[in-house]
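# Results of the structural survey
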Amino acid sequence: MPTFSAVSQDDFLGAIATLTDMIAADDWRPDHLVGIGRGGLVPATFLSHATGIPLLSIDLSSGVKAFGEALLDELATMSAAGARLLFVDDINDSGATIASLRDRLAAAGGLTENVRFAVLIDNIGSRASVDYRHRRIDRATNKDWFVFPWEAVAPQTSLAADADAVPGRIA
């Protein structure tokens, strides 16, 4: 069983405040936030309310093409036309999600200079970099499975199954 590390609602709100300040301080202003399903949807919603930036969402984890692959093509078209998109996720762990999104957007004609990423927690050993983060961890030494407030309602067995899906992250 993994070691679960709860992220409190206060810590989560502090992370949103940090990201809001970072976005406000940057000369690069997104036209849309894009919540990455599942873990990035709640942070993206909070960031949208905090910044006033409109929210879109995408979910590749569902396996439903119309809510993943097809929307990526639309987002690539938007970025190619000049729209700035800030993708939001809960954690940049291995970097697989962010690297995949970048590759897919580029393959569909998206402009990399119009795409950025924000996360609550960023693993320094990730293969993908992000532009905004609240905090950094080192998965070489921190193997905890972070449980965000929106996940706290899930049964322990479900959380453990999610954690065990990629054993290298926490083993």
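Please read these numbers as outputs of a predicted model, since none were measured by experiment.

## Things to note about the packing of helix 1 (residues 9–25) against helix 2 (residues 41–51)
The geometry of helix 1 relative to helix 2 is characterised by a closest axis approach of 10 Å and an angle of 55° between their N-to-C directions. With respect to each other, helix 1 and helix 2 are oriented oblique. The two elements helix 1 and helix 2 cross, and the hand of that crossing is right-handed. Two secondary-structure elements touch here, helix 1 through Q9, F12, L13, I16, L19, T20 and I23 and helix 2 through V42, P43, F46, L47, A50 and T51. Residue classes in the contact of helix 1 with helix 2 are distributed as 10 nonpolar, 3 polar and no charged.

## What to know about the side chain of S126
With respect to the helices and strands, the residue S126 is situated in the loop between strand 5 (115–123) and strand 6 (132–137). You can call S126 buried: its relative accessible area is 15%. In this structure the side chain of S126 is engaged in a polar contact, spanning 2.9 Å, whose partner is the side chain of N92. Separated by 3.3 Å, the side chain of S126 and the backbone nitrogen of G95 make a polar contact. Beyond its immediate chain neighbours, meaning those up to four positions away, S126 contacts N92, D93, S94 and G95.

## With respect to the UniProt feature "domain: Phosphoribosyltransferase" (unreviewed entry) in the protein chain
Feature annotation in UniProt places "domain: Phosphoribosyltransferase" (unreviewed entry) on residues 15–151, given in this structure's numbering. Spanning residues 15–151, this segment combines 34% helix with 26% strand, and its end C-alpha atoms are found 16 Å apart.

## Here's the deal with the pairing of strand 2 (residues 32–36)
Buried residues dominate strand 2, accounting for 4 of its 5 residues. Bridging between strand 2 and strand 4 (residues 85–92) involves 4 bridges; their strand directions are parallel. Within strand 4, the residue paired with V34 across the bridge is F87. Strand direction decides the pairing type here: strand 2 and strand 3 (residues 55–58), joined by 4 bridges, are parallel. Residue pairing across strands places V34 opposite L56, the latter belonging to strand 3. In this fold, the crossover linking strand 2 to strand 3 by way of helix 2 has right-handed handedness.

## Looking at the side chain of D93
Position of D93 relative to the elements: it lies in the loop between strand 4 and helix 4 (96–107). Residue classification places D93 among the buried residues on the basis of a relative accessible area of 6%. At 2.8 Å, the side chain of D93 forms a polar contact with the side chain of R139.

## Regarding the pattern of salt bridges
Opposite charge on two side chains allows them to pair when their charged atoms are near. The full count for this structure, using the stated rule, is 5 salt bridges. Measuring nitrogen to oxygen at the nearest pair gives 2.6 Å for the salt bridge that ties D26 to R116. Residue D26 is located in the loop between helix 1 and strand 2, and its partner R116 is located in strand 5; the two are separated by 90 residues in the primary sequence. Taking the shortest distance from any N to any O, the salt bridge between D93 and R139 comes out at 2.8 Å. Pair noted here: D93 is in the loop between strand 4 and helix 4 and R139 is in the loop between strand 6 and strand 7 (145–147), with a separation of 46 residues, a long-range link. Assigned by exposure class, D93 and R139 land together as buried. A single salt-bridge network, built from bridges that share partners, covers D122, R133 and R136.

Definitions and limits used
- Residues numbered from 1 in each chain as written.
- Predicted model: local features only at pLDDT ≥ 70, side-chain atom pairs only at ≥ 80, totals over all residues.
- Heavy atoms only, no water.
- Axes fitted to C-alpha atoms, helices over the stretch in contact; angles between N-to-C directions.
- Helix = DSSP H or I, 4+ residues; strand = E, 2+ residues; numbered from the N terminus.
- Parallel < 35°, antiparallel > 145°, perpendicular 65-115°, else oblique.
- Left-handed = near helix turned anticlockwise from the far one by under 90°.
- Contact = heavy atoms within 4.5 Å.
- Nonpolar A, V, L, I, M, F, W, Y, C, P; charged D, E, K, R; others polar.
- Buried < 20%, exposed > 50% of the residue type's maximum accessible area, 1.4 Å probe, protein only.
- Polar contact = N/O pair within 3.5 Å; in protein donor to acceptor, adjacent residues only side chain to side chain.
- UniProt positions renumbered as here; feature names shortened; annotations may be inferred.
- Pairing = 2+ DSSP bridges.
- Right-handed = clockwise from strand over helix to strand, strands pointing away.
- Salt bridge = Lys/Arg side-chain N within 4 Å of Asp/Glu carboxyl O.

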